[in-house]
Amino acid sequence: MTSENISRRGLLHGSAALVAAVPAFGVVQAGVAPGHKASERTSMASVGMTINGQDVHLQLDPRTTLLDALREHLHLTGTKKGCDHGQCGACTVIVEGRRINSCLTLAVMHEGEEVTTIEGLGTPDKLHPMQKAFIVHDGYQCGYCTPGQICSAVAVLDEIEAGIPSHVTDDLDHVAFSDVELRERMSGNICRCAAYPNIIAAIRDASGHGAAEDKA
Ligand code: FES
Ligand code: FES
């Protein structure tokens, strides 16, 4: 047996392993991912999700992030790509009620799940209360981080309401609403324009706790 035969067999085994790795999503066709050479063939996967209340079905390279599925395949460009490394929070969306960095997760991992992006929270004619509050309190300047900030903020209020503690929670039996809690929980959302005080005021206002913290 020649080394050429061995390497050909190894290649066939490798291809079979790749196909077996994605059975849950059904391999529907062999294709070439955009930007890849014909020699780099990839099995495509089908994934179904509910995005902003609408059922969508996509055929994707299984390596596609949720962020790229939203932006490049569904043209939901409200969700931003900042770092693509899980460091800035610009890509934050809400999946099954929890906020996540969509650049850090593969779309195929969310089969059957419910995804909410900034487009699903409100529209220009019917803003979500958090969107309204960001406008009222100037919670942005360039606006690039804003969709992620707003998705995060909406989920933060739900987390506090549900009594989920953070790293700064003193009493695990009672999660108090405070600026310290908000700052800690929003710390994964970076704002290059440093609109942080206005963002906190907006979240407080949307929560019904008043825009300014009571210092008394
Ligand atoms: Fe996802 Fe920065 S783009 S965290
Ligand atoms: Fe410009 Fe936040 S408003 S980065």
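Residues numbered from 1 in each chain as written. Chains lettered and ligands numbered in written order. Predicted model: local features only at pLDDT ≥ 70, side-chain atom pairs only at ≥ 80, totals over all residues. Heavy atoms only, no water.

Structural notes on the pattern of salt bridges
So the rule is basically this: The working definition used for a salt bridge is a side-chain nitrogen of Lys or Arg within 4 Å of a carboxyl oxygen of Asp or Glu. Strands are runs of DSSP state E lasting at least two residues, helices are runs of H or I lasting at least four, and both sets are numbered from the N terminus onward.
Under the defined criterion, the tally for this structure stands at seven salt bridges. The residue Asp 68 makes a salt bridge to Lys 81 at a minimum N-O spacing of 2.9 Å. With Asp 68 in helix α2 (residues 66–73) and Lys 81 in the loop between α2 and β4 (92–95), this residue pair connects regions lying 13 residues apart in the sequence. Bridged by salt links that share partners, the residues Arg 99, Glu 159, Glu 181 and Arg 185 form one connected network.

What about the nonpolar core?
One recurring pattern in soluble globular proteins is that nonpolar side chains are buried together. Worth spelling out the cut-off: What is meant by a nonpolar core is a set of buried Ala, Val, Leu, Ile, Met, Phe, Trp, Tyr and Cys residues, joined one to another through side-chain atoms within 4.5 Å. Partly exposed describes any residue whose relative accessible area lies between the buried limit of under 20% and the exposed limit of over 50%, with all areas from a 1.4 Å probe on protein chains only and scaled to the type maximum. Note on definitions: a residue-residue contact is assigned when non-hydrogen atoms from the two residues lie within 4.5 Å.
Grouped together as the largest cluster of nonpolar side chains are 24 residues, with contacts concentrated most on Met 130, Phe 134, Ile 150, Ile 199 and Ile 203. Those residues in contact with Ile 150, other than ones at most four positions away along the chain, are Ile 118, Leu 121, Met 130, Gln 131 and Phe 134. Ranked by size, the runner-up nonpolar core spans 16 residues in total, among them Ile 51, Leu 58, Leu 70 and Val 95.

Describing unusual backbone geometry
Of note, Asn 52 is a non-glycine position whose phi angle comes to about 50 degrees, a positive value. If you trace the backbone, Asn 52 turns up in the loop between β2 (42–51) and β3 (54–60). Asn 52 gets classed as partly exposed once you look at its relative accessible area, which sits at 26%. Located in the positive-phi region is Glu 96, a residue other than glycine, with phi close to 50 degrees. When you line up the elements, Glu 96 lands in the loop between β4 and β5 (98–101).

Concerning the confidence of the model for the chain
How we decide: Within a predicted model, pLDDT stands for the predictor's per-residue confidence, ranging from 0 to 100.
Summing up the model confidence of the chain, the mean pLDDT is 86 and the portion of residues at 70 or higher is 80%. Counting interchain partners and residues more than four positions distant, the pLDDT-below-50 stretch residues 1–32 has 28 contacts.

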